[in-house]
Structures are given as C-alpha cells and as structure tokens.
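Structure assessment
Listed below are the residues making up each chain.
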Amino acid sequence: MEEHFDSKPGFVLADYTVFAAMLSVSMAIGLFQALKKQRRDATAEAFFTGGRSMPAVPVGLSLCASFMSAVQVLGVPSEGFRFGFKFLYMCLGQSINSLLTAYLFLPVFFRLGITSTNQYLKMRFGRGMQLLGSVQFLLATLLYTGIVIYAPALILNQATGLNIWVSLFSTGIICTMYTTMGGMRAVIWTDVFQIVVMLSGFVAIFIHGTILVGGPAQVLEIANNGSRINFNDFDFDPRKRYTFWSLTVGGSLVWLSMYGVNQAQVQRYISCRSEKEGQWALFVNQVGLCLIVSSAATCGIVMFAYYNFCDPLKSGRISAPDLYMPFFVLDIFSNHPGFPGLFLACAYSGTLSTASTSINAMAAVTMEDLLRPHLLHMTQKKLILLSKGLSFLYGAGCITVAALSSFLDWGVLQGSFTVMGVVSGPVLGVFILGMFVPATNRLGAYSGILVGFCVSLWLAVGSTLHPPSEETMGVLPSFTEGCSSANGTTSNSSNLDELSILTPLRPKDQGGLLNFYSMSYLYFGAMATSSVILVGLIVSYATGPTKRSQIKEGLLWWDLNKKKMEISSENTTNMISRMFPCFVQNACWDTQQMAVGHIRNNQDKLPDNQRAVPLKNLPRDDVL
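Now for a description of the structure that goes with this document.

On to the overall build of the protein chain, then. Helix and strand counts for the protein chain stand at 24 helices and 0 strands. In the protein chain, which comprises 624 residues, the proportion classed as buried is 58%. Sequence separation of 24 or more characterises 88% of the internal contacts of the protein chain that already satisfy a separation of 6 or more. Counting only carbon and sulfur atoms, one obtains 65% of the accessible surface of the protein chain, whose full area is about 24500 Å².

Listed below in structure tokens is the structure:
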C-alpha cells in the first residue's frame, strides 16, 4: 500500500449511467405516489402527514435517511480516518435520543394531533412563541439544506470534475418536483429506496477496500497499530473533538434537537397509524442509523489501513478531509466502471432525502403556523394547491441558498451539526420547559430562548474565528513516507500546515477564552439547551410561576402519564369487580347492600368514562 494512482481519475459513462438510474428511480417513485395519493387524500393536512396512515418500517427508514445525508456519506468516513473507531459511540448517543423521543416527546405530539410542532408552542406559550419557533425553523432548515446540497456538489466537483451546477440543479429540481407533487408519501417512499442505495454503496466500498488491504485481520492490525481502535477514550477535556462523553452526552442532545422537536422529523412519525407504530418507526430508524454510521466509520478505518504509509491529505493529493472518501473510491474502483457511480448515487441519495424532507417540512410550517389563521374559509382543493406551491418555492429557495453556502468555511459534518446545535438547541430547551416544567411562564420561556440563542451563536462564531489546533482536537497521527516516490516530492512538515475546510491549524495553547472556543462542536447544542432551561426556571420562579391548574390537560407529559395510569387502574378495578364481585363489594351476604354498591359504582364510573377522551379533540387556539 505504498503507492497509489499517479493521475487524477474521473467518471466514465457507466458511472454517470448508474447515477442517472438512481435519480430516475427516485423520480418514478415520487410520481407514482403522487398519482396514487390523488385518488384518496383530499386535505392539505394529508399532503403533509400522509393521511396519518403510514406503516412503521418505511417511516423509520425515512427518518434515518433524512439526516443521514451526503453529510454523513462524506463526513463520517473522514472523521473515522482522523479520529478513530471511537466515533461509533455516536450510535450510543443516537440510541439515547431515540428512547427519549419515543417515550417523552412523541406521545405529546401524537395525542395532540398537530401538524406543526410550533402549534404546541402556541398552546403553551402563546402566538408569539409560535411565530418565533417558525422563523427559527425556516432559517435553520434553509441553511442546513444549503450545506447538504452545496458541500457534496463542491467536493465531488473537486474530486471528479463533475460540474457543480449540474449537481446542484439535478438534485434540487428532481427532489422539488416529486415533493411538490407527492407530498409526505412521496418523501417517505423515495427515502426508503435512497437508504438502500446508501447502504449498498458503503458495503461495496468497505468490502472491496478490505480485500485490497489483505483481509479484515490485516485492517484491524494496521488500525490498532495506528491507534484507531480507541474505544477507551473517556477523557473529560471538552476541547477534544470526540470522546465517549462528547459523543454520548453532547451527541444525544444534538440528535434530540433533530428528532425530538424538529418539524422535519416529527412530521414523519406523527404520520404513522398509531402512537405505538410511531415509536416502532423511531426504533427502526435507530437500527438504520447504527448501520449507516458503523458502515461509514468502518470505511474510514479501511481507508486508514489502505493509506497507512501515504496520507492523501498530508501528501497534498487532496486539500480537505472531506475529500478522503471520493478520493478513496476513485482510487480503489479505478478498474471497475460503475462503482464510482454507485458512490455518487450513495452521496446524492442522502442529499435528495434531506432536501425533500426539508422542503416538505418548511411548507408545512408555513401553511400551519403562518398562513392557516388567515385562510379559514379556503376550500381544501385550494389549500392543497397552495401547499404544493409552497413546496415548489422552498425547493427553489434551497437551490439558491446552496449557491450562497460557498461562503461557509466549515466541513460538511461540522457545518450541519453546528447549524442544528446553534438554532435547534435553544428551541429544544423551550420544549423541555413547556412539557416537563409546569411552573414555566411565558416570560421565562422568552428569556430562556433569548439567552440560549446568544450563547449558541457566541460559541459558533467564536469557534469559527478561532478554530482549535488539530493536536487540541485529538487528531491521530498519520504517515507520508510511502508516497514521496509517487508524488515526485518529499512529504515534510510543510504539508502539515495546509489549510483544510474542517480544521485550519493553529497553535496548540491558545489560552483563556480562546480555549473555551476550542470546545467540541457537539457541546454547542447542549450548552444552548442548558442555558434556556436554567434561565427559564430562574425567571419563571422570580416573576411568579404558572399554576399547574392553568395549563390545559395534554400539554404536560406528566398529565399524559398520570391519565394513562388512571385509565389502566380503572380498567383493572372494573375487571376484578366483574370476576370477584364478593371480594370487591365485601357484601355477598347482603343482597340489598350489594345492589346499592353496584349502583354507586355505575354512577362513579360514568364521569371517568366521559373524561377519557382522545387528546386530539382538545381545543388548540385558546390554550395557555
């Protein structure tokens, strides 16, 4: 493995054919669902929720595909190459997130029967908080989608020469078309196909790479000698980019802001047939996430073993860590036409799934939170047309923002996670206050989210202006002695100073506040969420906490749990009373007394049964 290709490879006709086939199948699935849906669904809500009749497995795979975009296809393998196999702890953080979402957030949203998560903010904290949440979501999603569309196009352009505008417009136009016509059903079923393509690409890459290195044992031996098998990193230093704590604690909160309260994901699991199926969808999603992350990280380890003596970044063959994966694919599949095209399809499948999800979610938020109050008398047919028009406009907006994303100097993985942590982290804090802290009042919620946004923005800007050194972040050593002959030059220390998209090199000890800016980007969301909760509690108790009796039933998670226990207890008591009337009444010897008790029981049960109404029937607009 000392020398690799001498000239820059490129794509051939077979590669473009595979890529075009993926785009065509995605488009065909979307069109089929659009035509199929028109015969059944007749409301704007059905356009955004799939008629709330979707099965758990496709919804779970769609959830997985949405944030496992080209960001992960390109970013995770490079992180595995540079930081080692400990990145797999991200799966533990994702698992914690899935459990918290399934049992804490999903029941509240599902039983309220809402389409937009910001409708909850209106019920709990008023119209102002709903509008704030809507604007936040639209801005964050536009920026996030711009990164997802633009960064892979730019990177693949640098690696393969694929025209960047062809990439941008083919991705943007196709996902805009099938999302506009098919709504949520088209998004979910195309996601299912795209997640299969992504997994197929990863499997092909790490299997072929492993064979070239000499087998799994050889890969593990080289990785272990290079300190890449490093699951024992329990360092508490928050400046280290990846440790057990940053990936589980910080990672779980970042993922919770994406899954627990993010409209793009909530809109998916509330489209399931029942609350139980929504929970199963999250668990299916978790299996898919672990498969994708572990496959991508394994590709990074295989890359390290393959380039053990010739790091492409240090030797100057590539200019940024995000280019590791396309460089590796074009290298090992140089004599196998079509497989580089499979990788391109793998990357763009993720991009399509994320972009289509974002477009549909932004259209839903705009319709439900901003326009619906002014369109009370509009017919459903016109509402559906308006919803499709919004999807089209947001698709065009995402393509526009993608072009503007060239001004961001981040890697794709850090960029996407930073956007979600900075913008969604404070909103997660408000939802936690609303659902789990009854004392929170409106002033506390507003104060908390303001401080949270300031903290997260301060961290993001500071870390961008003063990025940490690679040694501070914990980048593992790699070698270049084996590639001097292939490169025609000697790889020396000057190569180490080459700028990259992800992490420009800086002095090791920055001192003071600059050390604070070196904090791992995974903690940004946790800092923002914690700030919101802390400030919200202090202000609420200082200005007069909200009384629990003033909060309508269904808005607090504790009430849902209590109601479930009451109904279960009542059903158990009724069953025992029917099976053992003498035991319950304790009056088998007194017929008259038993009759009186039976009448009283019937009178007592009547109000309880009347109270056991679905939470979807609760009024929405007049709730505190």
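Resuming the write-up.
With that out of the way, let us pick up helix α4 (residues 70-83). Compared with the 20 Å implied by 1.5 Å per residue over 14 residues, the 20 Å span of α4 between its first and last C-alpha is a close match. For α4, a buried count of 14 out of 14 residues is recorded, marking the element as mostly surrounded by other parts of the structure.

Moving on to the side chain of T117. With respect to the helices and strands, T117 occurs in the loop between α5 (89-112) and α6 (118-125). Once you skip the residues sitting within four places of it in the chain, T117 turns out to touch F109, V261, Q263, V266 and F431.

This part is about the packing of helix α12 (residues 275-306) against helix α13 (residues 324-332). Relative to each other, α12 and α13 sit at 60°, their axes nearing to 11 Å. As α12 runs across α13, the sense of the crossing is left-handed. Each of C299, V302, M303 and Y306 in α12 lies in contact with α13, whose residues at this interface are Y324, M325, F328, D331 and I332.

F105, F109, Y120, I205 and F431 are the most contacted members of the largest nonpolar core, which totals 144 residues. Of the residues forming this core, the biggest block, 15 residues, is contributed by helix α8 (residues 164-213). Counting residues in each nonpolar core, the second largest holds 5 residues, with V71, I147, V148 and V419 among its members.

Under the counting rule described, the total for this entry stands at 8 salt bridges. One connected set of salt bridges, linked through shared partners, spans K86, D233 and K240.

This part is about the packing of aromatic side chains. Under the criterion given, the structure shown has 28 aromatic pairs. The interplanar angle of 15° and the centroid separation of 5.1 Å between the aromatic rings of F236 and W245 together place this pair among those described as stacked. Every member of this aromatic cluster is reached through a ring pair, and the members are F85, Y89, F231, F234, F236, F244 and W245. For the cation-ring pair, R228 lies above F81, with the distance from its terminal atom to the ring centre recorded as 6.0 Å.

Procedures and definitions
Think of each chain on its own: its residues are numbered from 1, step by step along the sequence as written. Residues qualify for local features only when their pLDDT is at least 70, as the model is predicted, and side-chain atom pairs are given and counted only at 80 or more; totals for whole chains, interfaces and linings, by contrast, use all residues. The side-chain values count all of the structure's non-hydrogen atoms but skip hydrogen atoms and water molecules. The way it works is that DSSP assigns letters per residue, a run of H or I at least four long becomes a helix, a run of E at least two long becomes a strand, and they are numbered from the N terminus. Remark: exposure states derive from per-residue accessible area (1.4 Å probe, protein chains only) relative to the maximum for the residue type, with buried under 20%, exposed over 50%, and partly exposed in between. By definition, residues are in contact when any of their heavy atoms lie within 4.5 Å. Accessible surface area values rest on a Shrake-Rupley calculation with a 1.4 Å probe, where residue burial reflects the displayed protein chains alone. Given the number of residues in a helix, its expected span is that number minus one, multiplied by 1.5 Å. All axes here are fitted lines through C-alpha atoms, helices being fitted over the stretch that makes contact, and every angle between N-to-C directions spans 0 to 180 degrees. Working rule for handedness: look at the near helix, and if it is turned counterclockwise from the far one by less than a right angle, call the crossing left-handed; if clockwise, right-handed. Here, nonpolar core refers to any group of buried Ala, Val, Leu, Ile, Met, Phe, Trp, Tyr and Cys residues whose side-chain atoms link them within 4.5 Å. Counted as salt bridges are all cases of a side-chain nitrogen of Lys or Arg within 4 Å of a carboxyl oxygen of Asp or Glu. Any two rings among Phe, Tyr and Trp, with Trp reduced to its six-membered ring, count as a pair given centres within 6.5 Å; such a pair is stacked if its planes are under 30 degrees apart, edge-to-face if over 60, and tilted if neither. Working rule: Lys NZ or Arg CZ, within 6 Å of ring centre, within 35 degrees of ring normal, means a charge sits over the ring.

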